[in-house]
Amino acid sequence: MPVPLAVFDLDGTLVDTAPDLVATLNVIFAREGLPPVAYDAARNMVGGGARSMIERGLVAEGRKLATPAVDKLVKDFIEHYAAHIADQSRPFPGLETALDELETGGCRLAVCTNKLEWLAVRLLDALALSKRFAAICGGDTFGLQKPDPELLRRTIARAGGDAASAVMVGDSIIDVAVAHAAGVPVVAVDFGYSQIPVTELGADRVVSALSALPGAVFDLLRASRPAQAAQQ
């Protein structure tokens, strides 16, 4: 029987990374003479990778830059962010206890993010979390980004799991969409960076605290077992 697997989004699900990401966005905008983006607005731009955040930040300020200029901003963003990746970023409350409960219950853990893999690993290393995950896959690992379901499928495979015994955990419509497309049940957390109310995303479960996460994951794994048995 495949090992049960909980696959996590990173930004807004495992770690509150918005303070460092928004600070980086405004540093590089300032260098170009662009006005800063308000924190509350920029917080909900997190989750699609550096380019997406920059492009959305420009739109919010009513600006549009040519592709070469955006490429430079992306390069500068990654360079600055890498040097300040955990200045203020911290795991959400209750994370380590929730991960302990999942592992004690027999779950393997993985990360599936649109962040560059080396940045994801650097962040999780800085927070002493990386060794907890059997796989950490980013938007450059396979040349794919969520919501492409193949990124989730390949992350599951790299972690030694199977889609029929996996659960996705995320905070956004992208996470829900990638899980649905891959045929994987999904838990949404409501404390992340979604612009859409999390209850409207179509997740199988919604939790407001990480203390409720293990129960939700195990419920979905149990629910998937009768379906698996019926197919055998």
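Okay, so let's go over this structure.

Criteria and thresholds
Along every chain, residues carry numbers that run from 1 in the direction the sequence is written. Selection of residues for local features in this predicted model requires a pLDDT of at least 70, selection of side-chain atom pairs for listing and counting requires 80 or more, and totals for whole chains, interfaces and linings are taken over all residues. Each side-chain value is worked out from all heavy atoms of the structure, with water and hydrogens disregarded. Here a strand is any run of E in DSSP of at least two residues, a helix any run of H or I of at least four, and the numbering for each starts at the N terminus. Computation of the radius of gyration draws on C-alpha atoms, with the globule rule given as 2.2 Å multiplied by the number of residues to the power 0.38. Note on exposure labels: buried denotes an accessible area under 20% of the residue type's maximum, exposed denotes more than 50%, and partly exposed covers the range between, all computed with a 1.4 Å probe on protein chains only. For every accessible area listed, the method is Shrake-Rupley and the probe measures 1.4 Å; residues are considered covered only by the protein chains on display. Only four residue types enter the charge count: Lys and Arg as positive, Asp and Glu as negative, with His and the chain ends excluded. Lys charges are placed at NZ, Arg charges at CZ, Asp charges at CG and Glu charges at CD. Note: two strands are recorded as paired if DSSP finds a minimum of 2 bridges between them. Helix axes are fitted to C-alpha atoms over the stretch in contact, other axes to C-alpha atoms as well, and angles between N-to-C directions run from 0 to 180 degrees. In what follows, a contact means two residues having at least one pair of non-hydrogen atoms within 4.5 Å. Stacked, edge-to-face and tilted are the three classes for Phe, Tyr and Trp ring pairs, Trp counted by its six-membered ring, which pair at centre distances within 6.5 Å; planes under 30 degrees apart are stacked, over 60 edge-to-face, the rest tilted. If you view a crossover with the strands going away from you and the path from the first strand over the helix to the second runs clockwise, you call it right-handed. As used here, the arc belongs to the directions running from the helix axis to the C-beta atoms. In this description, a nonpolar core means a group of buried Ala, Val, Leu, Ile, Met, Phe, Trp, Tyr and Cys residues linked to one another through side-chain atoms lying within 4.5 Å.

Right, let's get into the overall build of the protein chain. Of the regular secondary structure elements, the protein chain holds 9 helices and 8 strands. Taking 2.2 N^0.38 as the reference for a compact globule, 232 residues should give roughly 17 Å; the C-alpha atoms of the protein chain span a radius of gyration of 18 Å, in line with that estimate. By principal-axis analysis of the C-alpha atoms, the protein chain measures approximately 60 × 30 × 30 Å. Relative to its full complement of 232 residues, the protein chain shows a buried share of 50%. As presented, the protein chain carries roughly 10100 Å² of accessible surface, and 53% of it is formed by carbon and sulfur atoms. Charged side chains in the protein chain number 21 positive and 28 negative. The centres of these two groups are separated by 3 Å.

So, about the sheet that holds strand 7 (residues 186-189). Taken together, the 6 strands give an open sheet; going across it, the order is 5-4-1-6-7-8, and neighbouring strands pair in parallel fashion. Both outer strands of the open sheet, strand 5 (135-137) and strand 8 (205-207), are each paired with one neighbouring strand and no more. Averaged over all adjacent pairs, the angle separating strand axes in this sheet is 20°, with direction ignored. On top of the sheet, helix 8 (residues 173-182) reaches strand 6 (166-170) and strand 7; it is set at about 175° to strand 7, its chief contact.

For the coordinates displayed, the defined rule picks out 3 aromatic pairs. With a centroid separation of 6.1 Å and 35° between ring planes, the pair formed by F77 and Y81 is classed as tilted. Note that F77 and Y81 are positioned in helix 4 (residues 67-83) at a spacing of 4 residues, about one turn of the helix. Pair check on accessibility: F77 and Y81 agree, each one buried.

Here we take up the pairing of strand 4 (residues 108-112). Most of strand 4 sits out of view: 4 of its 5 residues are buried. In terms of strand pairing, strand 4 meets strand 5 through 3 bridges, oriented parallel. Within strand 5, the residue paired with V111 across the bridge is I136. Crossover connection from strand 4 via helix 6 (residues 117-126) to parallel strand 5: handedness right-handed.

So, on to the pairing of strand 7. Where burial is concerned, the two faces of strand 7 agree: the one with V186 and A188 and the one with V187 and V189 are both buried. Bridge count between strand 6 and strand 7: 3 bridges; the pairing is parallel. Within the sheet, the bridge partner assigned to V169 lies in strand 7 and is V187. Between the parallel pair strand 6 and strand 7, the chain is carried across by helix 8, and the sense of this crossover is right-handed. Direction of pairing for strand 7 relative to strand 8: parallel, over a ladder of 3 bridges. Residue V189 lies in a different strand from strand 8, and its bridge partner there is V207.

Of the positions making up helix 8, those classed as buried are D175, V176, V178, A179 and A182. Along the axis of helix 8, the buried positions cluster into a sector of 165°, meaning they face one direction only. On its buried side, helix 8 packs onto helix 7 (149-158), strand 6 and strand 7.

Bringing the side chain of S130 into the picture now. Its place among the elements puts S130 in the loop between helix 6 and strand 5. On the basis of relative accessibility, which here comes to 14%, the residue S130 falls in the buried class. Residues within four places of S130 in sequence aside, it is in contact with L124, D125 and I136.

Looking now at the nonpolar core. Among the nonpolar cores identified, the biggest contains 57 residues, and F8, F29, I54, L102, F133, V187 and V217 are the most heavily contacted of them. Other than its neighbours up to four places away in sequence, L102 contacts A6, F8, C107, L109, P214, V217 and F218. Residues A110, C137, A166 and V186 belong to the second largest nonpolar core, which totals 22 residues.

All right, on to unusual backbone geometry then. Residue P147 is reached from K146 by a cis peptide bond, and omega for that bond is 15°. Of note, P147 is situated in the loop between strand 5 and helix 7. Although it is not a glycine, A128 adopts a positive phi angle of roughly 55°. Along the chain, A128 turns up in the loop between helix 6 and strand 5. Accessibility expressed as a relative area gives 63% for A128, which makes it exposed.

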